[in-house]
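# Survey of secondary and tertiary structure
The residues making up each chain are set out below.
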Amino acid sequence: FNPVTVIVTAVLAAIATAYFLSFLFRRMGVSGWKDGVHMGVIIGLFTFIAVYINNLFACNPSEQSLIEGGGTVVLFGLYGALLGGWRRK
């Protein structure tokens, strides 16, 4: 793959994820960065489970699954903090 294509695709996927979480947070009434982190981590735990199961089927080591899945929990927690704490005028 062309590295530029991979980077552009990753950025577009991150933007789409942020927009979806923003929509979801508005529908759920998330207000404040603490609520955002809480909901982000919960969503991240579900993605962690999906990553872990996929890595089990791929026969990847558990350590790799924990790193990849743990990264999604942290990422969604950060998304939640940013989106939950964002004040619109």
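Below or above, wherever it landed, is the structure these notes cover. (Residues numbered from 1 in each chain as written. Predicted model: local features only at pLDDT ≥ 70, side-chain atom pairs only at ≥ 80, totals over all residues. Heavy atoms only, no water.)

### Things to note about helix α3 (residues 62-85)
Filter applied, for reference: Elements are defined by DSSP. Helices are runs of H or I of four residues or more, strands are runs of E of two residues or more, and each kind is numbered from the N terminus. Given a helix with a known number of residues, its expected span is that number minus one, times 1.5 Å. Burial classes follow relative accessibility: with a 1.4 Å probe on protein chains only, a residue under 20% of its type's maximum area counts as buried, one over 50% as exposed, and anything between as partly exposed. Two residues qualify as a contact provided that any one of their heavy atoms is within 4.5 Å of a heavy atom in the partner residue.
Given a rise of 1.5 Å per residue, 24 residues ought to cover 34 Å, and the 34 Å separating the end C-alpha atoms of α3 matches this to within 8%. Listed in full, the buried residues belonging to α3 are Ser65, Gly69, Thr72, Val73, Phe76, Gly77, Tyr79, Gly80 and Gly84. Taken together, the buried residues of α3 touch α1 (3-28) and α2 (33-57).

### Quick word on the side chain of Thr72
Along the chain, the position of Thr72 falls in helix α3. According to the relative accessible area criterion, Thr72 is buried, its value standing at 15%. Each residue touching Thr72, except ones within four places of it in the same chain, is listed here: Gly44, Thr47, Phe48 and Val51.

### Topic: the packing of aromatic side chains
Rule in force here: Any pair of Phe, Tyr and Trp rings, taking the six-membered ring for Trp, is counted once the centres come within 6.5 Å. Such a pair is stacked with planes under 30 degrees apart, edge-to-face with planes over 60 apart, and tilted for the rest.
All told, the structure shown has 2 aromatic pairs when counted by the stated rule. Here the aromatic rings of Phe48 and Tyr52 are separated by 6.0 Å at their centres, their planes lie at 25 degrees, and the arrangement is stacked. A residue pair is termed a helical-turn pair when its members lie 3 or 4 positions apart in one helix, as Phe48 and Tyr52 do in helix α2 at 4 residues. With a centroid separation of 5.8 Å and 65 degrees between ring planes, the pair formed by Phe76 and Tyr79 is classed as edge-to-face. Placement of both Phe76 and Tyr79 in helix α3 is noted, with a separation of 3 residues, approximately one turn of the helix. Comparing Phe76 with Tyr79 shows no difference in burial state: the two are buried.

### Section: unusual backbone geometry
In this structure, Cys59 takes a positive phi of about 60 degrees despite not being glycine. Residue placement: Cys59 occurs in the loop between α2 and α3. Given a relative accessible area of 68%, Cys59 falls into the exposed group.

### Topic: the packing of α1 against α2
Let me state the cut-off plainly: Think of each axis as a best-fit line through the C-alpha atoms, taken over the contacting stretch in the case of a helix, with angles from 0 to 180 degrees between the N-to-C directions. Roughly parallel here means an angle under 35 degrees, roughly antiparallel means over 145, roughly perpendicular means 65 to 115, and every remaining angle is called oblique. Here is the rule for handedness: rotate from the far helix to the near one, and if that takes an anticlockwise turn smaller than a right angle the crossing is left-handed, while a clockwise turn gives right-handed. Just so you know the grouping, Ala, Val, Leu, Ile, Met, Phe, Trp, Tyr, Cys and Pro go in nonpolar, Asp, Glu, Lys and Arg go in charged, and all remaining residues, Gly too, go in polar.
One way to put it is that α1 packs onto α2 with a least axis distance of 12 Å and a crossing angle of 120 degrees. The angle between α1 and α2 places the two elements in the oblique class. For the crossing formed where α1 meets α2, the hand is right-handed. For the pair α1 and α2, the contacting residues are Leu21, Leu24, Phe25 and Met28 in the first and Gly36, Met39, Gly40 and Ile43 in the second. Tallied by class, residues from the contact of α1 with α2 come to 6 nonpolar, 2 polar and no charged.

### Let's talk about the environment of Thr47
The criterion, for reference: Any pair of N or O atoms that falls within 3.5 Å is considered a polar contact. Within protein, one atom must be able to donate a hydrogen and the other to accept it, and sequence-neighbouring residues count only if both atoms are side-chain atoms.
The topology assignment puts Thr47 in helix α2. Given the relative accessible area of 23%, Thr47 is considered partly exposed. Between the alpha carbons of Thr47 and Phe76 there is a distance of 9.2 Å; along the sequence they are 29 residues apart. At 2.7 Å, the side chain of Thr47 and the backbone oxygen of Gly44 are in polar contact.

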